[in-house]
Amino acid sequence: MSAQTTPGVTPDGILKELAALWVSMAKDKGGDAEHGVLRACSMTLVVLAEESDDVGEIGSTVAELMQEFPSRAILVRLSREQTALSARVYSQCWMPFGQRRQICCEQIEIVAPEKGWGDLPPLLAPLTVPDLPAILWDRTSRLPDATGFATKSIIDSERFGSAEVLKRLAPERIYGDLAWTRLTQWRGLIAQLFENRAHLEFLPRITAIEIGHTGEGVPVSGYYLGAWLQAGIPQAKVVWHREERGSACVGSVRLVYPEGEFSVRQVEGQTAEILAGGVVTRTALPPRNDYSLMREELAIPGRDPIFRRTLATAAQLALQS
Amino acid sequence: MVKLMPLENPFQDPLRFERRVPECAVVIFGANGDLTKRKLLPALYRIAYERRLAPGFAVVGISRTEMSDDQFREKMRESVAQFLEDSPFDEDVWNAFAQSLFYVAGDLNDAALYASLSAKLKEIEESRHTGGNVIFYLSMQPSYYAAAAQELGRAGLHRGNGWRRLVVEKPFGHDLASARELSASLHEYFTEPNVYRIDHYLGKETVQNILAFRFGNGIFEPLWNRRYVNHVQITAAESIGVEGRGAYYQEAGALRDMIQNHLLQVMATVAMEPSATFRPDSVRDERSKLLRSIHIMKPDEVAANAVAGQYGPARIGGEDVPGFRQEHGVDPNAQTDTYAAATFYVDNWRWAGVPFYVRSGKRLPKRVSEIAIQFNQAPLSIFGDGAECAPNLLILRIQPDEGISLKFLSKRPGEGMTLRPVSMDFNYGSSFGERSPTPYETLLLDAMLGDATLYQRQDMVEAGWAVVEPIQQAWAGRQFEFPNYAAGSWGPAESDAMLARRGHLWRRP
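This structure is a prediction, so every number in the text was calculated from the model and none was measured.

Rules and cut-offs
- Residues numbered from 1 in each chain as written.
- Chains lettered and ligands numbered in written order.
- Predicted model: local features only at pLDDT ≥ 70, side-chain atom pairs only at ≥ 80, totals over all residues.
- Heavy atoms only, no water.
- Helix = DSSP H or I, 4+ residues; strand = E, 2+ residues; numbered from the N terminus.
- Contact = heavy atoms within 4.5 Å.
- Axes fitted to C-alpha atoms, helices over the stretch in contact; angles between N-to-C directions.
- Parallel < 35°, antiparallel > 145°, perpendicular 65-115°, else oblique.
- Nonpolar A, V, L, I, M, F, W, Y, C, P; charged D, E, K, R; others polar.
- Buried < 20%, exposed > 50% of the residue type's maximum accessible area, 1.4 Å probe, protein only.
- pLDDT = per-residue confidence, 0-100.
- Expected span 1.5 Å × (residues − 1).
- Bend = angle between axes of the 7 residues up to and from the residue.
- 1 Å grid on protein atoms, 1.4 Å probe; cavity = no way out; pocket = protein on both sides within 12 Å on 5 of 7 lines; lining within 4 Å.
- Points joined across faces, edges and corners; volume = space filled by probe spheres on them.
- Salt bridge = Lys/Arg side-chain N within 4 Å of Asp/Glu carboxyl O.
- Polar contact = N/O pair within 3.5 Å; in protein donor to acceptor, adjacent residues only side chain to side chain.
- Buried area = accessible area lost by both parts, 1.4 Å probe.
- Phe/Tyr/Trp six-rings, centres within 6.5 Å; stacked < 30°, edge-to-face > 60°.
- Lys NZ or Arg CZ within 6 Å of the ring centre and 35° of its normal.

Undergrad: Got a minute to help me understand the environment of Tyr228 of chain B in this structure?
TA: Residues and elements named next belong to chain B. Looking at the element boundaries, Tyr228 is found in the loop between α7 (204–216) and β7 (229–237). Through-space distance from the C-alpha of Tyr228 to that of Gln260 is 27 Å; in sequence the pair is 32 residues apart. With sequence-adjacent residues up to four places away left out, Tyr228 is seen in contact with Pro222, Leu223, Phe375 and Asn376.

Undergrad: So what exactly am I meant to see when it comes to the packing of helix α1 (residues 34–49) of chain B against helix α2 (residues 69–83) of chain B here?
TA: Any two packed helices are characterised by how steeply their axes cross, that is the angle between the axes, and by the distance between the axes. All names here are of chain B. Between α1 and α2, the shortest axis-to-axis distance is 8 Å and the interhelical angle comes to 85°. What the angle tells us is that α1 and α2 run roughly perpendicular. Contacts between α1 and α2 pair Thr36, Lys37, Arg38, Leu41, Pro42 and Tyr45 from the former with Lys75, Met76, Ser79, Val80 and Phe83 from the latter. The class makeup of the residues in the contact of α1 with α2 is six nonpolar, two polar and three charged.

Undergrad: What's the story with helix α9 (residues 290–298) of chain A in this structure? I'm lost.
TA: Count 3.6 residues to each turn of an α-helix, and residues three or four apart come out pointing the same way. Within α9 of chain A, eight of the nine residues are buried, which leaves it mostly tucked inside the rest of the structure. Buried within α9 of chain A are the following residues: Asp290, Tyr291, Ser292, Leu293, Met294, Glu296, Glu297 and Leu298 of chain A.

Undergrad: Just checking my understanding: could you explain the confidence of the model for chain A for this structure?
TA: When pLDDT is low, close inspection of the predicted coordinates is not appropriate. In the predicted model, chain A carries a mean pLDDT of 85, and 90% of its residues have values of at least 70. In the predicted structure, residues 1–6 of chain A sits below a pLDDT of 50 and forms 22 contacts with residues beyond four places in sequence or in another chain.

Undergrad: Help me understand helix α13 (residues 458–475) of chain B in this model?
TA: Residues and elements named next belong to chain B. Under the 1.5 Å per step criterion, the end-to-end length of α13 is 25 Å for 18 residues, consistent within 8% with the ideal 26 Å. The largest bend in α13 amounts to roughly 45° and is located at Val468, with the proline Pro470 lying one to four residues further along. Positive backbone phi, at 75°, marks Gly477, one or two positions downstream of α13.

Undergrad: Which parts of the structure should I look at to understand empty space enclosed by the protein?
TA: Leftover empty space is mapped by rolling, across the atoms, a probe with the size of a water molecule. Counted by the stated rule, this structure contains five cavities of 30 Å³ or more. Estimates place the volume of the largest cavity at around 190 Å³. Together, 18 residues line the largest cavity, and Thr281 and Arg282 of chain A together with Leu53, Ala54 and Pro55 of chain B are the ones closest to its centre. For the lining of the largest cavity, the secondary-structure elements that each account for two or more residues are α6 (184–193) and β15 (279–284) of chain A together with α3 (91–98) of chain B.

Undergrad: Explanation requested: the pattern of salt bridges in the structure shown.
TA: Oppositely charged side chains may form a pair once their charged atoms are brought near each other. In total, this model carries 46 salt bridges over all chains according to the counting rule given. Connected via shared salt-bridge partners are Lys152, Arg288, Glu296, Glu297 and Asp304 of chain A together with Arg16 of chain B.

Undergrad: It is not clear to me how the side chain of Thr44 of chain A should be interpreted in this structure. Could you clarify?
TA: Residue and element names in this part refer to chain A. Here Thr44 lies in strand β3 (residues 43–49). In terms of polar contacts, Thr44 uses its side chain to reach the backbone amide nitrogen of Val129, at 2.8 Å. Those residues in contact with Thr44 that sit more than four places away from it in its chain are Arg72, Ile74, Thr128, Val129, Pro133, Ala134 and Ile135.

Undergrad: Mind showing me how you'd approach the interface of chain A and chain B here?
TA: Many authors give the size of an interface as the accessible area that is lost as the parts come together. Each side of the interface is counted separately: chain A has 59 residues, and chain B has 45 residues. Here chain A meets chain B over a buried area of about 4,400 Å², counting both sides, of which 56% is carbon and sulfur. Area buried by chain A at its contact with chain B is led by Gln192, Glu195 and Val279 of chain A, which between them contribute 14% of it. Along the contact surface separating chain A from chain B lie five salt bridges. The shortest N-O distance in the salt bridge between Glu296 of chain A and Arg16 of chain B comes to 3.0 Å. At the surface where chain A touches chain B, the tally comes to 16 residue pairs in polar contact (both at pLDDT 80 or more). It is α6 of chain A that provides the largest number of residues to the side of chain A that touches chain B, a total of nine residues. In terms of residue class, the side of chain A that touches chain B is built from 28 nonpolar, 16 polar and 15 charged.

Undergrad: Looking at this model, I keep getting lost on the packing of aromatic side chains. Mind explaining?
TA: Each aromatic ring pair is specified by the distance between its two centres and by the angle formed by the two planes. In total, this model carries 30 aromatic pairs over all chains according to the counting rule given. Centre to centre, the rings of Phe194 of chain A and Phe11 of chain B are 5.5 Å apart; their planes meet at 50°, and the pair counts as tilted. With Phe194 of chain A in the loop between α6 and α7 (197–200) and Phe11 of chain B in the segment before β1 (25–29), this pair bridges two chains. This pair shows no difference in class: Phe194 of chain A is buried, exactly as Phe11 of chain B is. Summarising the aromatic geometry, the rings of Tyr257 of chain A and Phe262 of chain A are spaced 5.4 Å apart at their centres and angled 50° between planes, so their arrangement reads as tilted. Through pairs of rings, three or more aromatic residues link up here, namely Phe194, Phe202, Trp228, Tyr257 and Phe262 of chain A together with Phe11 of chain B. The aromatic ring of Phe102 of chain B is capped on one face by Arg73 of chain B, whose charged end is 5.3 Å from the ring centroid. Directly above the aromatic system of Tyr249 of chain B lies the positively charged group of Lys362 of chain B, at a separation of 5.0 Å from the ring centroid.

Here's what the structure looks like:
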């Protein structure tokens, strides 16, 4: 990748450097229009990271995401030591298999003093690509006001250590939460159970939703799962209990009715065991990394009505428990 | 007391996961065959691994060989482990999946087989709660389809508590009359909505990409007609020969094997009218309408509008490659068309007068499938007599790398006004992060979900045969001067001449 460093950090300065970057890349290719460089952009992706975050790992995740979601990526790193802003621009390029032209996305890396991070939104707003979605991936626990520049903010509420954060999410804004995204495989398995009309008949008779979790308190994902299930089984009571084994935050789900239960639970390794109507099956339940989680969230740039509804209920469940 | 039961699954989340598959049993006729071992069972295992199969899902394998359920499971375990593509073989997942595999031995024409099958399905329905949903997959020679469908019907297996679907693979007949005859046999017991004809060439993603491009944007559809389009070229080229399947291919040929079904489907997708909805039957209605609008050649039009070719030996990449007639299992005097090209016209207001050139062949220079839409040139060049005046081209690439390119003229940077063609790509292909499903995974899932988008309807099959019938009749019994193109070339000279007569040239992809 090619890079340029800007002496003064203003939006105009950064945009000028980006333009110069494309010109220099075109010159490098000798003006070959047929197999030159192709600029691709479908959104602006702003990543807000703490100083302690592994920048290399974030960079790798972003690079992987670019291939399906080519973006202007802006990586903002907060620094305790730095007292002034600094920025550099570069491009991330790859050559799709079988093609002879590179596809390149713009990347801007900004290092901002931790104390002044609240000044970032006015800097970031002019840097977003017009007419395309702008997504903030907030890897911190700071919940910045992204109203001015992001159409959607993605957080990971598990980082906050408490479900209190759910109350702080403004209802009028669009959010994604990786704690919710991690549940997609579980939710898919449960949804699968009730594609069977015979199983659907049991829904009104389910009296309890039991969610097993690891760790001391109920994780946010546990509240999300309880809220989501209760929306489909309103008469059932949600209870959480701690399990000793298992590496996942959520380890098991039981939907109990008088004569039996439906259950999904994580067993050894990366496998889920499903029990329904006396039939036991197993399927893969591989762990999900940041790339996999973000890929799912970036595919939904607008509102997710099911998540929005679940968020509201989960916040209430957390308050009550 | 009125018992209230939810009518719909309240846990679906279409934004996050694909629709869950309902419980069903898949009965595979020909369970001991290659297709089952190499494609069907690995695909089903993979779907199970991906958490998309219902817990009560079951497979019933059928063939003449006597074996127990456990023996069948062991055989399938070996096959899946061997033929699984790009996926890990997980023992835990396999062991659970294997419990859903069952086997019934018997002869296709023996009523006793169907009685046993009926008993097995009843048992599975009760123990695994499949709701009586069954797919009958006829993985066998097409000549047995009618017999199998009728025996299923006589045994009452075409109906039950749930849905019953019949899945068959191409070819659907070898001409219009045989296609109609086959259809009549299938329809004796299975209604058309329950007959799924596999003829996948355009993957679902590709079909959807073309439809999204055409009907998701406001700027292209106004140009998509005879006023702006000069002609359309549809190419399906293979660089390989018959690869040991000479005996089969000898009976088929490029016209039957590729143009009658696959390329006419491509043409229908590109040329169809917008459908009212995106539901499978809406889309198929419009594709069928387009196929029925294709001008049926009169006998005296065939010679000028259809070309047959057969590859001869050549030296490619430093190696001698045999001609078709030298391939294993091929008659040295075979009249099979390994290359076919045709000019079609669509008799409707949108496309009247616009030639659709369609070609397919083996042993062409490269493997490529694409649709090239050439637009009319600008009416006047204001840039001088010597100015570049290449027409605009929109290329929809199907394989090897799926994408869309638009070629247009732009000014060369610098002094003067020199125009040069440039290409803008709109689509960058699929993500490298996630594994794409195999065609059989997609097709099996679609059959279970009842999504017929990729499956051919009978009216589409018949329309396809009707279009090529005049060509088949003209070519039948004719002694061609074969071979008429060298392996590794772009086909016979007559094919170039067919376009040249209209002032057109085949694109070199």
